[in-house]
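# Summary of structural features
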Amino acid sequence: MDMEACRKQPWMEEKPLFSLFGSKHLRREAAVERDGPDSRTSGSSGRAQELFHSRQEVQKHRRSRTSQASVWQKNKNLHQSLIKVMSQRVAEGCSSSHTGPFTFTEETRREMMYNYYIQRGIGLVNVAPLQDSCLEKIHELIPSKLSHLSWEQNLLDDEIKEEYLHSVRAAMLTSTPSDPSGNEKGNEKDLPSHRLEMEIVPKPWNRSFVQARKKMSLNLHCISRPLLQMMILWHNHYKDVRLIDVAELCSREKFMELSEFQQIVSQHLDLTQRFLLENWLSDVHNMFYMANMHNLLVSLSKKGKLESFFNSAAVLMTLQLQKLTLNSLSDYTRLISQEMHSDRARGTSGFVLHLILEDTDIKFEPDLRAYEKVLVSMFELMLRSTRSIPRIETTLFPDWEESNLGKTLKPIILPEITQPQQEEVCRAFWAETDRPKEYIHQYDQYAMLMSREAEEKVEQFLSQRRSFQDIMEEAIRYQQLADEIQYTPCKVVQLGMFEVRSHKLLRSLVNRAQELKHKLAMQMLQDHQEMSRNLCTEFEKISEKALSTPADTLTLMELKAYMQKVLTTEMPRLEQQLADSNRQLCSIMDFVTLSPEDLELNAQTVHWFQRMPSIFEEHEHMAIAKTELYQSGLKLHRERFMEELVNYSMQMKEFLGFGELSDLSKYLKKAQALNARLDLASEKINELNLEEEAFGWPVSQYPLRTLIQDKLTPFLHLYETASDFLMHHEQWLCGPLSAVIPDKVELEVGNYWRTIYKLEKGFSEAPNALKIAGTIKAKVESFREHIPMIQVLCNPGLRTRHWDAMSELAGFSLHPVDEQVCVAQYLVMQLEQHLSSFDGISEAASKEHSLEKALEKMSSEWCFMEFTLLAYRETGTFILSSVEEIQLLLDDHLVKTQTMRGSPFIKPFTKEIREWEAKLLLLQEILDEWLKVQFTWLYLEPIFSSPDIMVQMPEEGRHFTAVDKTWRETMMQVSLMFLACLIGRCH
């Protein structure tokens, strides 16, 4: 059989009626498969490189795709069935006999057709390779004892793959339409009218279809080779690229701070952006450059078509960036909402939350709102990171003119996509915050420290005087509390996506407890310092007192008594206080560090205590010396004092010779001076006696001083009484009438007379003094006769009408000419004969004067009496308040006024008393009516202030409105008058 004739059978020129690629690509693949691998070297090197590159792309495409091809069950009669099918198709579509030198039997013909289509007619470009999972399952069926036969296993794998490809070709062949006209026997179908044209062969629209297909091949850039290579490049190398490396975030062993998370995400975005620019964009650039070298790009002369081509490339690259962004957004959302979720097993990283104490509340740091803001802001950062990739034409042609679309790719992610993801992130985030919020309640046991209640308790504790032991116990309690907080074992807790760290909170609580302890310790230190200062002060006072020089004997005795008390009482007490101070100092050193000043103060206290024995010894020597000195001085003072008393006795004898009334003032001065010396002598006697008692001597008596004092006293009283009477006598007679008070004059004159009368009896042995007493007594008795007239003339109640009445009785005018008129001027008028009549007039004047004063007093009591006005709720008006005091005063004055009207001496004031009574009655009537109206208004105002009542009772409402208006106007006038009175009073 001629092989050339066999290879040139007509049906061998037919092509399969389906193609997954364009005809040009299919021809290239078919040529490769038909000519075998050796034919690749027969063509030109460019052609071979192009075919080899295409084959490599196809193989890459096969390796990368993961299709779910169904595995057909093999049948050992597969070949026979296929031969029968092919024979049936040949019998139906071809003539039963052929002419020519070479003929085939039907069986041979069918086998040749079958083998040809299986081996040459079906391309494997789009056939998915056998999945590795299928091979793994087959390997699992191999017995373990044969697993070491690697070479046989490789042969088995090759056989399986070959059978798989053979089965796929057979499946594709059986599914291929056999007759494009559809006129096979038994396949006639009833088609609808709009499908009839599809049954016409040849197709009337074949030419237009071919033209359209050609136009598409020229203008549909998405199926051009460079863009297909760009899609394959993306699929093979960049489809798994993400803006954020979620796996790296999940694999971190430590939880992240918010700032660290932001920094990591920013680094990821920068690295991804740099990776896309340096790798993906560079690969695309090189791919387009090679395409341009092989004339696969649109000609540069066709600028419009070239711009359209690059727009298509930009759209494809934008779609790839959009897919990258969407995948990144989804991974990020899944990371926050699922992989870091608390319901999943811990194996992923999370975020760090610090607990801090802010004032009185525990808060999170960073704030949860800040966390939410940062987590949501990552979406915007990812969207922004993909918007700076330049378009490919700007890298290929640096001089490319910028179009309306800009120089960068602009992937668009709609808010409808990002918004649900952001909400999911927020929902998951806030769901995760529940457990940290609940964890905060673990620290409720320290609520007193957080709410400052403990600080208030310490302040209150220290506000009262406390013992050192009580303060120390309180300080120890807070120190133990600080240690308990500081050494809390659980400072870091993992709660879902958060790692809650309590270090800052515990540090704040410890600081607060330490502050309270320090405050108590400082109080202890202050108390100790105060005790030390007091000890130093007491030691210093004792030292100063002990070493001080006593000025006299009494001071010396006091100093001795003081030092005896110090030795027996004070020093043991101070020694005990010093021991307590040292013990307190040891306790304080457990809480605070003492400053050099504190240590110096304590050392000073001990030093003072050590110096005290030497001070006491020095004091003893000084006391002995001073005692001897003051004893000798005391003897000398007693001798000199006796000489002074003898001198005073000589001065006393001089008073027996004083008898001139004109020298009375000189006598008085001498007597007063001697009396003062005797008083000093009495004090000196007491001092001498005290010194004598201090030294244990017998107490000296000085009877001479008492004798002199007894002799001097009558003379001193005589001179004082006489001088006082003579002075007042002149004032009473020659002074103005208004200055003379009759009752006082009568009392004093009586006292003078009685004193002189008693003194006169004691001057039997002193004739000169007796003479002075008699003269003064005569003057007093002479003046006593004029007292009734003085009581009449100096009556303060005398008015013009009274002077008229007395002038009428005397027969001449007695009216005072001026204010300088004195009693002596009336005594010379010989008015004693009218004295009885004058007494009646004077008594009436006194009664009238008392009534006048009472009326003036009542009037003055109303000067500062005020009505109190209060604003009533929110009505805008006032009410009268606090009238009880006014009513009591009014009632009292009405009773007094009515009593005064019944007096027989009210006649001169009849008009005034009636007007006053009328005023009081009017005021009482006004006040009663005022309070009555106010009571009624207070009762009705809340009722008629309701709109419902005004609607139900319109007539009564109108009446009340009129009265209410009058009431408000009246009270406003009263308030204005009251304000004017206050202003006037202030001025």
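Residues numbered from 1 in each chain as written. Predicted model: local features only at pLDDT ≥ 70, side-chain atom pairs only at ≥ 80, totals over all residues. Heavy atoms only, no water.

## Some points on the overall build of the chain
On a plain count of helices and strands, the chain comes out with 34 helices and 6 strands. Taken across its 987 residues, the chain has 37% of its residues classed as buried. Put simply, 77% of the contacts in the chain that link residues at least 6 apart link residues at least 24 apart. On the chain, roughly 59,700 Å² of surface is accessible, and the fraction owed to carbon and sulfur atoms is 54%. (Helix = DSSP H or I, 4+ residues; strand = E, 2+ residues; numbered from the N terminus. Buried < 20%, exposed > 50% of the residue type's maximum accessible area, 1.4 Å probe, protein only. Contact = heavy atoms within 4.5 Å. Areas by Shrake-Rupley, 256 points an atom, 1.4 Å probe, with all protein chains shown as cover.)

## Thoughts on the side chain of T433
By the secondary structure assignment, T433 is in the loop between helix 15 (415–432) and helix 16 (434–439). A residue is classified by how much of its surface remains accessible, and T433, at 1% relative accessible area, is buried.

## Notes on the environment of L869
Relative to the helices and strands, L869 is located in strand 5 (residues 868–871). Since its relative accessible area comes to 18%, L869 is described here as buried. With 106 residues separating them along the chain, L869 and S975 place their C-alpha atoms 7.3 Å apart. Those residues within four positions of L869 in sequence are excluded, and the remaining contacts are F878, I879, L880, M971, V974 and S975.

## Here we look at the sheet that holds strand 1 (residues 351–358)
Judged by pairing direction, the sheet is mixed, and its 4 strands sit side by side in the order 2-1-4-3 without closing on themselves. If you trace the sheet from one side to the other, it starts and ends with strand 2 (361–365) and strand 3 (492–495), each paired once. With direction set aside, neighbouring strand axes in the sheet form an average angle of 30°. Those strands touched by helix 13 (residues 368–385) are strand 1 and strand 2, and its axis lies near 150° from that of strand 1. (Pairing = 2+ DSSP bridges. Axes fitted to C-alpha atoms, helices over the stretch in contact; angles between N-to-C directions.)

## Points about the nonpolar core
One recurring pattern in soluble globular proteins is that nonpolar side chains are buried together. Of all hydrophobic cores here, the largest spans 98 residues; its most connected members are F261, W280, F288, Y332, F351, L355 and I392. Contact partners of L355, with chain neighbours within four places excluded, come to I362, K363, F364, Y439, I440, Y443, V500, R501, S502, K504 and L505. Ranked by size, the runner-up nonpolar core spans 67 residues in total, among them W803, A810, V821 and L835. (Core = buried A, V, L, I, M, F, W, Y, C linked by side-chain atoms within 4.5 Å.)

## Focus on the confidence of the model for the chain
Across the chain, the average pLDDT comes to 78, with 84% of residues at 70 or higher. Confidence drops under a pLDDT of 50 for residues 92–102, and excluding neighbours within four residues, the segment shows 6 contacts in the predicted structure. Taken together, the stretch residues 180–186 has pLDDT below 50 and engages in 8 contacts with residues farther than four places along the chain or on a different chain. (pLDDT = per-residue confidence, 0-100.)

## Thoughts on the UniProt feature "coiled-coil region" (unreviewed entry) in the chain
The UniProt record marks residues 664–691 with the feature "coiled-coil region" (unreviewed entry), using the residue numbering of this structure. Here residues 664–691 is 100% helix and 0% strand, with 41 Å between the C-alpha atoms at its ends. (UniProt positions renumbered as here; feature names shortened; annotations may be inferred.)

## Some thoughts on the packing of helix 19 (residues 468–486) against helix 20 (residues 503–547)
The N-to-C vectors of helix 19 and helix 20 enclose an angle of 160°; their axes lie 9 Å apart at closest approach. One way to sum up the angle between helix 19 and helix 20 is to call them roughly antiparallel. Classified by chirality, the crossing of helix 20 by helix 19 is left-handed. Facing F468, I471, M472, E474, A475, Y478, Q479, A482, I485 and Q486 of helix 19, the residues of helix 20 in contact are L506, L509, V510, A513, Q514, L516, K517, L520, Q523, M524 and D527. The residue makeup of the contact of helix 19 with helix 20, split by class, is 14 nonpolar, 4 polar and 3 charged. (Parallel < 35°, antiparallel > 145°, perpendicular 65-115°, else oblique. Left-handed = near helix turned anticlockwise from the far one by under 90°. Nonpolar A, V, L, I, M, F, W, Y, C, P; charged D, E, K, R; others polar.)

## Notes on the pairing of strand 1
With respect to burial, strand 1 is a largely interior element, 7 of its 8 residues being buried. When strand 1 meets strand 4 (residues 498–501), the two strands line up parallel, connected through 4 bridges. Across the sheet, residue L353 finds its bridge partner in strand 4, namely V500.

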